[in-house]
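# Overview (structure and organization)
Next come the chains, spelled out residue by residue.
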Amino acid sequence: MKRPPKDTAQSQRGIGRRTLVVGGLQLATAGLLALKLRSMQVEQAETFRLLADENRINIKLLPPARGLIYDRHGVLLAGNEQNYRITMTREDAGDVEEVLDRLSQLIPLSDTARAEALKEMSNRSAFVPVTIADRLTWDDITRVTVNAPALPGVTTEVGLSRYYSQGADLAHVIGYVGPVSDYDLSRIENPDPLLQIPKFQIGKTGVEAKMEEVLRGSAGTRQIEVNAIGRVMRELSREEGQPGADLQLTIDSALQTYVEARLEGESAGAVVIDLESGDLRAVVSSPSFDPNLFVRGISVAEWNALNENPFRPLAAKAVQGTYPPGSTFKMITALAALEDGVLDPEETILCRGYTEVSGTRFHCWKSGGHGNVNLHDSLKQSCDCYYYEVSQRVGIDKISAMARRFGLGVRHDLPLSAVAEGLAPDKEWKATVRGEDWRIGDTVNASIGQGYVLASPLQLAIMSARIATGRTITPRLIHTIDGVETPKQSDDTIGLNENYLRRIRAAMDAVSNNNRGTAYGSRINVSDKRMGGKTGTSQVRRITAEERARGVTSNADLPWERRDHALFVGFAPVDDPKYAVAVVVEHGGGGSAAAAPIARDVMLQALYEGQPPLEAYPSNVRGRISEQQRAIQNRVQPGAIQGNDRA
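Throughout what follows, the structure given in this document is the object of discussion. (Residues numbered from 1 in each chain as written. Predicted model: local features only at pLDDT ≥ 70, side-chain atom pairs only at ≥ 80, totals over all residues. Heavy atoms only, no water.)

### Looking at the environment of Ile481
Relative to the helices and strands, Ile481 is located in strand S17 (residues 478-481). Expressed as a C-alpha distance, the spacing of Ile481 and Ala245, which sit 236 residues apart in the sequence, is 6.4 Å. With residues up to four places along the chain from it excluded, the contact list for Ile481 reads Met211, Val214, Ala245, Asp246, Leu247 and Thr486. (Helix = DSSP H or I, 4+ residues; strand = E, 2+ residues; numbered from the N terminus. Contact = heavy atoms within 4.5 Å.)

### Looking at the pairing of strand S12 (residues 280-286)
Of all seven residues in S12, seven are buried; the element is thus mostly enclosed. A loop of five residues connects strand S11 (residues 268-274) with S12, the two strands running antiparallel in sequence, and Gly278 in this loop sits at a positive phi of about 80 degrees. (Buried < 20%, exposed > 50% of the residue type's maximum accessible area, 1.4 Å probe, protein only. Pairing = 2+ DSSP bridges.)

### Re the sheet that holds strand S19 (residues 532-538)
Spatially, five strands are ordered S12-S11-S21-S20-S19 in an open sheet, and the strand pairing comes out antiparallel. Sheet topology places S12 and S19 at the edges, where each strand pairs with a single neighbour. In this sheet, neighbouring strand axes are inclined to one another by 5 degrees on average, regardless of whether the strands run parallel or antiparallel. Sheet topology places S19 next to strand S20 (residues 565-572); seven bridges connect them, and they run antiparallel. (Axes fitted to C-alpha atoms, helices over the stretch in contact; angles between N-to-C directions.)

### A few points about the nonpolar core
Counting 96 residues, the largest nonpolar core has Val207 and Phe406 as its most contacted members. For this core, the leading source of residues is helix H21 (residues 457-469), giving eight residues. In this view, Phe406 contacts Ile332, Leu335, Gln459, Ile462, Met463, Arg466, Ile467, Ile494, Leu496 and Leu501; residues no more than four positions away in its chain are not counted. (Core = buried A, V, L, I, M, F, W, Y, C linked by side-chain atoms within 4.5 Å.)

### Overview of the packing of aromatic side chains
Evaluation of the coordinates by the stated rule reveals nine aromatic pairs. With a centroid separation of 5.6 Å and an interplanar angle of 75 degrees, the aromatic rings of Phe289 and Phe294 are classed as edge-to-face. Its relative accessible area of 6% is what places Phe289 among the buried residues. Assessed through its relative accessible area of 14%, Phe294 is described here as buried. Seen in terms of ring centroids, Trp438 and Tyr452 are 6.0 Å apart; in terms of plane orientation they differ by 55 degrees. Their pairing is tilted. With a gap of 14 residues between them, Trp438 in the loop between helix H19 (427-434) and helix H20 (440-447) and Tyr452 in the loop between H20 and H21 connect regions that are remote in the sequence. For Trp438, a relative accessible area of 15% puts it in the buried group. By the ring-pair criterion, three or more aromatic residues cluster together here, those being Tyr176, Phe289, Phe294 and Trp303. A cation over a ring is seen here: Arg523 above Tyr520, with NZ or CZ 4.0 Å from the ring centre. (Phe/Tyr/Trp six-rings, centres within 6.5 Å; stacked < 30°, edge-to-face > 60°. Lys NZ or Arg CZ within 6 Å of the ring centre and 35° of its normal.)

Structure representation (structure tokens):
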């Protein structure tokens, strides 16, 4: 056999040594890796398990944009604006006090806000974020974001907050929103998870509250990965929520603003109804308040100013306030007697200035009496004694039944807070509620809208609408929901002899347009826009025999809270009614002096869809009306914000 060359053998021996060295190194490396893996898996297992647990995935709810609210012409009434805020999660913050100290060096944080935040964190679960500050500037947010590593548990957010472009003009209709409270949650059986979001806003009053579920929308979700100190590492997924539905009200914001301005200085309520559709064109309570105060956080001084005002600006007088309707109720008494067949419209009844019933004198407002009056004259001149006599013939049960047919003593289904039922009393009511028998004197008092009878401006406007049309006009406030029109309730006939209604309308025409009518001074001076109406004055105090003997004290000489309420109800045009109106001025004195002029001005504004010409007013008041129109124009802010504002 041939032997290999010498250099080939040496080469083979070199390769073998290199293989051994490389293999040894590989074995050493593998051993070191094995030792390290053993250390990580066994000796340091708990440490890495904790780190893995800390680096976790969170799912957060994304609040939806709240639905917008518009008037009948598309004017934005309630919108949304961006709101920068800061929240803190207690379980991620560690030393909460220390983090708040650092945060207070970056943004304005009052002692009160800090105390409230600490209290809320102590009352909530450790994983629930709590709002520390909101309505911050972009600079505030930037400073906090830059210092995020030193602020564990602190998160900056951009949300939406409600604002009301018309301010006080629609406060009692739209209402306002505010943060969810523990009381709110206690009233809800299965609360929406959205309500757990820190300071999530829900409707508190008005349309905002009654249409809450429609306006709220549904939540979206955001899936994020956070590290051990709570910093967001990345967003894994996002699903946007469903925004709330937009609402369009039947309210005409321009008319609403005018009525609000016209009632300035009074404690009053007024309602205007469209007779074709039942749409509420204006629902005004005066004085009002700025609902934005409640959204942004009202101060103690502001709250006290509202709460201690004797004119009660927080009360929705137009729908919540109930008042003795006074002589505006006389049409109801007359219609009950006509339908019962106990009254001939042409029959005359003697008014001597008083009627004696069971040894008690019931006085007419005109101490010398009206003489012999029939139905027409009794309404035109507002004779009380006529109705004292008529009511004894027909009885309280039939009067009250007629009142309910015309919308009095009935709670109307509207998305507004505390809609009053009023009271159309009868014998059963007094026996049940007061445990007493009904007396003939109760009937006599009720016949002229005094005693136990109570009605709101809304109910009086509905009564006027039904008298004007002979139909069961049903009020409507929501025109559309997300562009879909809400159904109108069918208005059936009121079921009365049309001749009776025609006589009542003719008498109401005379109230405003006959020179002996109680509202003649507040007539509309355009023949095809004439207004029919009825004045009313309801007492809030008892006039004693001694006071009558020496002369009844005039309203002007009484303290404000003891003066009579002033009322007026009406419709126009008389020959083709389009609108009905009701005005109640608390402690305003006489209806003809205080309420009728307001109703006339409001009706003209509705009929002309804006400022009417001076020729529509009686010549003797045109100078004053011109000044009034200028003053109102200067008060009313032009133009409301329009358009969609979800961002």
